Amino acid sequence: MSFSSPASLLEVELRPDRPPILHVETPLDAPAWAGEYREALRAQVTEHGVLLVRGLQLREPDQVGSVFARLAGELMTERESFAPRQSHGPGLYSSTAWPVNQPMCMHHELSYALDVPGLMLFACLTAPAEGGATALADAEQVLQALPAALTERFEREGWLLTRSYNDEIGASLAESFGTDDREAVEDYCRGHAIDFTWRSDGSLHTRQRRAAVVRHPDTGRRCWFNQIAFLNEWTLAPEVREYLVDEYGEDGLPFNTRFGDGTPIGEDVVQLINATYEEHTRREPWQAGDLMLVDNIRTAHSREAYTGERQVLVAMAEPRRLPDCCPTPEGSRP
C-alpha cells in the first residue's frame, strides 16, 4: 500500500486493484466541505482518472445534489438514455434501471452522444448486501491491451449504434429524448447526427456512427471510448437475447452495435473486449455515504450484479464535444 501527497495535500490510498480512496472525517456540512476542497479533489481526478471519497456519510438526495453542484457546477440533463432512470432533481438521477442479477458491462457514459459528460459523479446512499460495485478501467490501458488490428479498424471506421424504440424494452421516446412529439424528436436527431426512420407501426429506428477511439481533450492521450460491447446483442443474457430476437427480429433489438461500415460484430469480438476490460478492472465495494468522481473519457465504469437493496445516485457534468467524435469525412453524418 502506498500514499500519494500531491500539492493538493490530500493523502489518497493507492492500491493496484482498487480505485484511489480518500478517507475523510465526516464534516458537519458536506456541501460546504465539497466547496472548500473542490480544487484538491478535482486535481486527484485529473491525476488518477477517478477518486472515491469515504467518510462523507451522504444520506439524502438533496444533500447529494448540493455536493455535486459544489464540485461540478451545473449538472447535465440526460438525453439519449438507453434505459429509464428516476429523477431526484435537476440533473440528479438514480442508477439506470437494469436487472440486478445481470452486470452492466464496462462503458463510457453517453459515448454515443455528440455532447458527452466529461465528469461522472456517484453517491451511494444504500450499499447492497453483496456485489453491486461500480468497477473501473483505464481507457488508455485498455486501448493498448486490445489487438492492434481490431482497434485500428474501429479507429478507421468508428462504430455504429442502432436503436429501436418500443413500449416494452429500454427507454421510451419521452425518456430518451425528453419528449414524444415526433417533430421535436426529428429535430433532435437532425441536430445530433442521428439517422432516423419511422416504421409502419409508428415506432422509431435510429442509426448513429461514433468514434471508438478519441483523444482526451485535456491530455491528448488516446482512449478506447465507446459502448461497443455493452450495447451489443452478444452481451445480453442468452435467454434475453433469444426472447428479443424472437419478439422483434434481428433488426428490431432495442439497441445493438456494429462496425462502422455496418458489418455485424461477432460474439468473439465482444467477448475479447469484455475480457480485456476485466483484466484491467479495479473495484471497491460501495459503503453507504461514499462519493465517487470519474473522468468519463479516461475511465470506463460498470455496475456489477448484486443482492439486497442498492441506491446509488448519479449525475453528469462538464459536457465535452470531442472533435473526433464522428469518424467520417463529413465530420458528423453517419
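Further up the page is the structure itself.
Structure report, in brief. (Residues numbered from 1 in each chain as written. Predicted model: local features only at pLDDT ≥ 70, side-chain atom pairs only at ≥ 80, totals over all residues. Heavy atoms only, no water.)

Let us look at the pairing of strand β20 (residues 311-321). A regular strand places its side chains so that they alternate between the two faces of the sheet. Here two bridges tie strand β5 (residues 93-94) to β20, and the two strands are oriented antiparallel to one another. Each bridged residue has a counterpart across the sheet, and for Ser94 the counterpart in β20 is Leu313. Pairing between strand β7 (residues 115-126) and β20: ten bridges, direction antiparallel. Residue Leu119 lies in a different strand from β20, and its bridge partner there is Ala317. (Pairing = 2+ DSSP bridges. Helix = DSSP H or I, 4+ residues; strand = E, 2+ residues; numbered from the N terminus.)

Counted according to the given criterion, the structure contains four cavities of 30 Å³ or more. Each pocket or cavity is described by its volume, and for the largest cavity that value is around 140 Å³. Ser95, Met104, Phe122, His301 and Arg303 are the residues nearest the centre of the largest cavity, which is lined by 14 residues in total. Every element with two or more residues in the lining of the largest cavity is listed here: β6 (104-107), β7 and β18 (299-303). At three residues, β18 tops the list of elements feeding residues into the lining of the largest cavity. Taken together, the residues of the lining of the largest cavity break down into four nonpolar, six polar and four charged. (1 Å grid on protein atoms, 1.4 Å probe; cavity = no way out; pocket = protein on both sides within 12 Å on 5 of 7 lines; lining within 4 Å. Points joined across faces, edges and corners; volume = space filled by probe spheres on them. Nonpolar A, V, L, I, M, F, W, Y, C, P; charged D, E, K, R; others polar.)

Further remarks concern the sheet that holds β18. Read from one edge of the open sheet, four strands run β6-β18-β9-β16, paired in antiparallel fashion. Unpaired on one side and paired on the other, β6 and β16 (281-282) mark the two borders of the sheet. Judged from the three bridges that link them, strand β9 (residues 136-138) and β18 form a sheet pairing that is antiparallel. If you follow Leu136 over to β18, its bridge partner there is His301.

Hydrogen bonds along the backbone pair up the strands of a sheet, which may run parallel or antiparallel. Across the sheet, which stays open at both edges, the four strands sit in the order β11-β12-β10-β15 with antiparallel pairing between neighbours. Every interior strand has two partners, whereas the edge strands, β11 (195-198) and β15 (255-259), have only one. Sheet twist, expressed as the average angle between the axes of neighbouring strands with direction ignored, equals 15°. Bridge analysis of β11 against strand β12 (residues 204-210) gives four bridges, and the strand direction is antiparallel. Within β12, the position partnered with Phe196 by the bridge is Thr206. In this fold helix α5 (residues 148-157) packs onto β10 (159-164), β12 and β15, with an angle of close to 105° to the strand it touches most, β15. Where helix α7 (residues 182-191) meets the sheet, its contacts fall on β11 and β12, and the angle it forms with β11 comes to roughly 155°. (Axes fitted to C-alpha atoms, helices over the stretch in contact; angles between N-to-C directions. Contact = heavy atoms within 4.5 Å.)

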